[in-house]
Amino acid sequence: MARTGSAGRVRQAATPAEPGRLDAVPEPERYVPTAQEYRAFYRLMLLIRRFEEKAGQLYGMGFIGGFCHLYIGQEAVVTGLQAALRPGLDSVVTGYRDHGHLLACGVPAHAVMAELTGRAAGVAKGKGGSMHMFSVPHRFYGGHGIVGAQVPIGAGLAFAHKYREDGGLALVYFGDGAANQGQVYETFNMAELWKLPVVFVIENNQYAMGTSVNRASAEDQLYRRGESFRIEGLQVDGMDVLAVRGAATVATDWVRSGRGPILLEMKTYRYRGHSMSDPAKYRSREEVSAVREHQDPIDRAARELVELGFATEDELKAIDREVRAEVAAAADFAEQAPEPDLAELFTDVTASGTPWT
Amino acid sequence: MDVRLPALSPTMEVGTLARWLVKPGDRVRSGQPIAEVETDKATIELEAEADGVVEALLVPEGTEGLPVGTVIARLAGVDDGFAPAPSAAPGVAARAAPATAQPVPPRAAEGPGPTRRQSVREALRDAMAEEMRRDERVFVMGEEVAHYQGAYKVTQGLLAEFGEKRVVDTPITEYGFAGLGVGAAFGGLRPIVEFMTMNFAMQAIDHIVNSAAKTRYMSGGQLACPIVFRGPNGAAARVAAQHSQNFAAWYAHVPGLVVIAPYDAADAKGLLKAAIRSDDPVVFLENELLYGRTFEVPQGEHLVPIGRARIHRPGHDVTLVSYSIGVDVALEAADALAADGISAEVLDLRTLRPLDEAAILESLARTHRMVVVEEGWPRCSVAAEVMAVAMEKGFDELDAPVRRVTDADVPLPYAANLERAALVKPADVVAAVKAIL
Ligand SMILES: Cc1ncc(C[n+]2csc(CCOP(=O)(O)OP(=O)(O)O)c2C)c(N)n1
Ligand SMILES: [Mg+2]
């Protein structure tokens, strides 16, 4: 695990033997938040965690079906990164482990939960499910179930920003497993060649299903994966929301200044199984509980909020109560909301709304 | 010794003598460039095949439309002891121009008004250029679309008019640029993604199917993917199995996609313009062998509605249903049948998804017999789908079983005789029609 409590960059990607081969990205600073900002980070991380816990329960009760990938443990990554975006302008895209990203983009919890239960009020009218959610008003472009597919799509969103000269950027999230997909490197090449405004974020939660990074990746320092395309990389402690937020500033400044893409490797961890059907045979309980106990991003933020005098224990409890109530309401809504009308089966296939035979 | 205009590409039928690099009386050595020849795809230097002296240049510079095989110069042998090898065709081994080099009789394009003669290639280019002028969001990307002017010259001239921002050369990275195009469409642009040939789009089919076709549905109608994937599809000439395949049935299978496969230049233009304006992802299947063919194209704004078949030739004894280059085969067969007093109607599907079932069934109701002609494999083909429509919805109109005439069910071979045997041809269509009459 990357070192904590500092700027977040563990090592800089570059081959010093060849000066000038990569441009130097400034060393990220650990973000110094206001009390209000830090409390907002804390609240969002907690919302994601409680939401995912509830989703796990609803899955167990049969309200949610199919594949359902929980984000528990990784909350600091999306929380720190999204805070550096300009809502309504910058675009976001990720894979199937997307519930946290939707919440961080500001999609209401009840709309995400209702999508999970397959209801008409879901963010995709119940047609996408856990892995395929979209919210165009929030500039959230999915929710993609094919490992790695979101990477060129994200570069395309960046291409559109550049083409339209609107000053926006695209933030593309993908996993350590996805980082081995060929299309990722096809995309790196074009993104740097065309200086596209895109931040690539590898959420390295150490595992792709049951395969650890070391068992799948010849270069396991994933922040270096852009080197042969001259894409600078930073390795960041993804269990520290302020380290993430600090790196996000560097990355977004870099991209917005027209210098092309940047790659962030977020060292993080998922506590739960890959999906709801995980044999839990590929890692030890001790490994999971050690991360939970010593590196949990939410516990850490809670401690620091109190230490800094940004919140009292009671205030944190109040936030927790509020979040629990929000999630409970979302779950109630998602359980009771009606399923899509059967006529919806044949809508949204094409622009004309009805499928052609 | 005669120097003939050789076929410099598998599909070349005519060429332009752009420039002479030698003059009468010049000594030339074997391998020395003697002329610049422009083909439908490229400008190529023609080399002398043997040492000699230029006796006469028989064709002035700038001569266009020279059929392959035309004698363009005469070389005299040299007296240095090497008699020039007697060769019918110095230069690159020349092929006799294929039969299709003869001009095709013009067929009435849709709608009234003035027309002009244009190649399919030019019609496609004009469609893109017109739509790019009309809509800032439209751009073209693909391998060799800009500086090279298109691997098959379909994007010729676009770079000069629209610049590198809107005519984008990509690395050879089909999966990547198809996905990037989809993202650009999500981001509000209207990409035209050219595949050098559709064979290479197999590397990109994940994005065409999973990302482009399904997103409108998966997003509950929020997110459209207005993109055109286009390129030559089907068998070219002598390029063998990996470069010769018809993917129409693959794409026509997928809900969420529009699939178009035009035959003539007017439809190529009108349908490509409609495809670019469509809010759905479109797979637009062209055909290399048709690129150089000329047809009448209406002048001015010309749009053809997506999803409508077209009767190319009316008839009353049998309906020949086809699309793309298969229409050519069907029309030739119809000519042959006419000589035998059989009147065949030729229905060009033009759009394969949505399929114009009404047009198929209406024609069937007139002729009561149907043969489907497809330049492609028979199994799970577009032909199979058309037959299913006829059976499910037109059964009572049928006086005989529907037949399909397709390519042989084998990877396309290289050897000229085997290739000919594998590809669908008019005689097979004639035989199938006679079998059900
Ligand atoms: C192209 C493709 N291959 C395989 C799968 C099945 N699959 C789904 S998730 C996954 C593991 C991906 O791991 P990683 O990229 O590290 O993301 P994480 O699940 O850890 O967030 C696999 C193999 C898929 N969805 N797409
Ligand atoms: Mg992973």
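Residues numbered from 1 in each chain as written. Chains lettered and ligands numbered in written order. Predicted model: local features only at pLDDT ≥ 70, side-chain atom pairs only at ≥ 80, totals over all residues. Heavy atoms only, no water.

Here we look at the overall build of chain B
- For chain B, the helix and strand inventory stands at 13 helices and 22 strands.
- By the compact-globule yardstick of 22 Å for 437 residues, chain B fits well, its C-alpha radius of gyration being 23 Å.
- For chain B, the spread of C-alpha atoms along the three principal axes comes to 80 × 55 × 45 Å.
- In chain B, the proportion of contacts linking residues at least 24 apart, taken out of those at least 6 apart, comes to 77%.
- For chain B, the centre of its 42 positive side-chain charges and the centre of its 59 negative side-chain charges are spaced 2 Å apart. (Helix = DSSP H or I, 4+ residues; strand = E, 2+ residues; numbered from the N terminus. Rg over C-alpha atoms; globule rule 2.2 N^0.38 Å. Contact = heavy atoms within 4.5 Å. Lys, Arg positive; Asp, Glu negative; His and termini not counted. Charge placed at Lys NZ, Arg CZ, Asp CG, Glu CD.)

Let's talk about the nonpolar core
- By size, the foremost hydrophobic cluster in this structure holds 85 residues, and its most contacted members are A:Phe159, A:Phe174, A:Phe200, B:Phe195 and B:Phe229.
- With 8 residues, helix α5 (residues 150-164) of chain A is the largest single contributor of residues to this core.
- In this structure B:Phe229 touches B:Ala178, B:Val182, B:Val193, B:Phe195, B:Ile208, B:Ala212, B:Val282, B:Val283 and B:Phe284, once residues within four positions along its chain are discounted.
- Within the second largest apolar cluster, 70 residues are counted, among which are A:Val25, A:Ala55, A:Val255 and A:Ile262. (Core = buried A, V, L, I, M, F, W, Y, C linked by side-chain atoms within 4.5 Å. Buried < 20%, exposed > 50% of the residue type's maximum accessible area, 1.4 Å probe, protein only.)

A few points about the coordination of the magnesium ion (ligand 2)
Residues and elements named next belong to chain A.
- Protein-derived coordination of the magnesium ion (ligand 2) comes from Asp176 (OD), Asn205 (OD1) and Tyr207 (O), at a distance range of 2.1 Å.
- Here the donor residues of the magnesium ion (ligand 2) share one chain and are spaced in sequence as D-x28-N-x1-Y. One end of the pair, Asp176, is in the loop between β3 (170-175) and α6 (182-193); the other, Tyr207, is in strand β5 (residues 207-208), with 31 residues separating them in the sequence.
- A relative accessible area of 8% means that Tyr207 is categorised as buried. (Donors = N, O, S within 2.8 Å, 3.2 Å for Na, K, Ca; no water.)

Regarding the packing of aromatic side chains
- This structure, assessed with the given rule, holds 16 aromatic pairs over all chains.
- With 6.1 Å between their ring centres and 40 degrees between their planes, B:Tyr152 and B:Tyr291 make a pair best called tilted. With B:Tyr152 in the loop between β10 (138-142) and α2 (158-166) and B:Tyr291 in helix α8 (residues 288-291), this pair connects stretches of sequence that are 139 residues apart. With respect to burial, B:Tyr152 and B:Tyr291 carry one shared label: buried.
- Its end group placed over the ring of A:Tyr207, A:Arg283 keeps NZ or CZ at 5.5 Å from the ring centre. (Phe/Tyr/Trp six-rings, centres within 6.5 Å; stacked < 30°, edge-to-face > 60°. Lys NZ or Arg CZ within 6 Å of the ring centre and 35° of its normal.)

Some remarks on the confidence of the model for chain B
- Mean pLDDT over chain B: 91, with 92% of residues reaching 70 or higher.
- Confidence drops under pLDDT 50 across residues 79-109 of chain B; counting only partners more than four residues distant or on other chains, this segment forms 46 contacts. (pLDDT = per-residue confidence, 0-100.)

Examining the interface of chain B and chain A
- In this assembly, 47 residues from chain B lie in contact with 41 residues from chain A.
- Approximately 3500 Å² of surface area, both sides summed, lies buried where chain B meets chain A, with 66% of it carried by carbon and sulfur atoms.
- The largest per-residue losses of area from chain B upon contact with chain A belong to B:Leu180, B:Tyr217 and B:Met218, which jointly make up 20% of the total buried on that side.
- The tally of links between chain B and chain A comes to 0 salt bridges.
- At the boundary of chain B with chain A, the tally comes to 17 residue pairs in polar contact (both at pLDDT 80 or more).
- The set of elements that each furnish at least two residues to the side of chain B that touches chain A consists of β10, α2, β11 (167-169), α3 (174-186), α4 (205-213) and α5 (215-218) of chain B.
- With 10 residues, α3(B) is the largest single contributor of residues to the side of chain B that touches chain A.
- Residue composition of the side of chain B that touches chain A, grouped by class: 19 nonpolar, 16 polar and 12 charged. (Buried area = accessible area lost by both parts, 1.4 Å probe. Salt bridge = Lys/Arg side-chain N within 4 Å of Asp/Glu carboxyl O. Polar contact = N/O pair within 3.5 Å; in protein donor to acceptor, adjacent residues only side chain to side chain. Nonpolar A, V, L, I, M, F, W, Y, C, P; charged D, E, K, R; others polar.)

Concerning the pairing of strand β4 (residues 33-38) of chain B
All names here are of chain B.
- As judged from the 4 bridges shared by strand β2 (residues 14-20) and β4, these two strands associate in the antiparallel manner. For Arg19, the partnering residue across the bridge sits in β4 and is Glu36.
- Bridge analysis of β4 against strand β5 (residues 43-47) gives 5 bridges, and the strand direction is antiparallel. By the bridge assignment for β5, Ala35 is matched with Leu46. (Pairing = 2+ DSSP bridges.)

Side note on the site of ligand 1
All names here are of chain A.
- Of all residues adjacent to ligand 1, which total 15 residues, the nearest are Tyr96, Arg97, Gly177, Ala178 and Asn205.
- In this structure, Gly177 approaches ligand 1 through a main-chain N or O atom, which is 2.8 Å from an oxygen atom.
- His274 is positioned such that a nitrogen or oxygen atom in its side chain is 3.4 Å from an oxygen atom of ligand 1.
- Against a free-state accessible area of 590 Å², the protein chains account for coverage of 71% of ligand 1. (Near = heavy atom within 4 Å. Areas by Shrake-Rupley, 256 points an atom, 1.4 Å probe, with all protein chains shown as cover.)

Points about the pattern of salt bridges
Residue and element names in this part refer to chain B.
- Following the criterion strictly, the structure yields 52 salt bridges over all chains and no others.
- For Arg19, the salt bridge goes to Glu36, with nearest N and O atoms at 3.2 Å. In this pair, Arg19 sits in strand β2 while Glu36 sits in strand β4, placing the two residues 17 residues apart along the sequence.
- Here Arg310 ties to Asp264 by a salt bridge, and the two come within 2.9 Å at their closest N and O atoms. Of this pair, Arg310 sits in strand β17 (residues 310-313) while Asp264 sits in the loop between β14 (258-260) and α7 (265-277), placing them 46 residues apart in sequence.
- Using a relative accessible area of 7% as the deciding quantity, one classes Arg310 as buried.
- A single network of salt bridges, built from pairs that share partners, joins Glu130, Glu131, Arg134, Lys269, Lys273, Arg277 and Glu301.

Comments concerning the packing of helix α1 (residues 35-60) of chain A against helix α11 (residues 313-336) of chain A
Residues and elements named next belong to chain A.
- Two elements in contact, α1 and α11, have axes whose closest approach is 9 Å; the angle formed by their N-to-C orientations is 40 degrees. In terms of orientation, α1 lies oblique with respect to α11. For α1 against α11, the interelement crossing comes out right-handed. Counting all contacts with α1, which are made through Arg39, Tyr42, Arg43, Leu46, Leu47, Arg50, Phe51, Lys54 and Leu58, the residues of α11 involved are Glu315, Leu316, Ile319, Asp320, Glu322, Val323, Arg324, Glu326, Val327, Ala328, Ala331 and Glu335.
- Here the contact of α1 with α11 is composed, by residue class, of 11 nonpolar, no polar and 10 charged. (Axes fitted to C-alpha atoms, helices over the stretch in contact; angles between N-to-C directions. Parallel < 35°, antiparallel > 145°, perpendicular 65-115°, else oblique. Left-handed = near helix turned anticlockwise from the far one by under 90°.)

Here's the deal with helix α10 (residues 297-307) of chain A
Residue and element names in this part refer to chain A.
- Listing the buried residues of α10 in full gives Pro297, Ile298, Arg300, Ala301, Ala302, Glu304 and Leu305.
- Considering only its buried residues, α10 is in contact with α1, α2 (75-82), β7 (233-237), α8 (241-256), α9 (285-295) and α11.
- The N-terminus of α10 is capped by Asp296, whose side-chain oxygen sits 3.0 Å from the backbone nitrogen of Ile298.

Let's talk about the confidence of the model for chain A
- With 92% of its residues at a pLDDT of 70 or more, chain A has an overall mean of 93.
- In the predicted structure, residues 1-19 of chain A sits below a pLDDT of 50 and forms 52 contacts with residues beyond four places in sequence or in another chain.

Some points on the sheet that holds strand β3 (residues 27-28) of chain B
Residues and elements named next belong to chain B.
- Here we have 4 strands laid out as an open sheet, ordered β1-β8-β6-β3, and antiparallel in their pairing. Strands with a single pairing partner mark the edges of an open sheet, and in this sheet they are β1 (2-4) and β3.
- In this sheet, strand β8 (residues 71-76) lies alongside strand β6 (residues 52-57) in antiparallel orientation, the contact comprising 4 bridges. Within β8, the position partnered with Ala56 by the bridge is Arg74.

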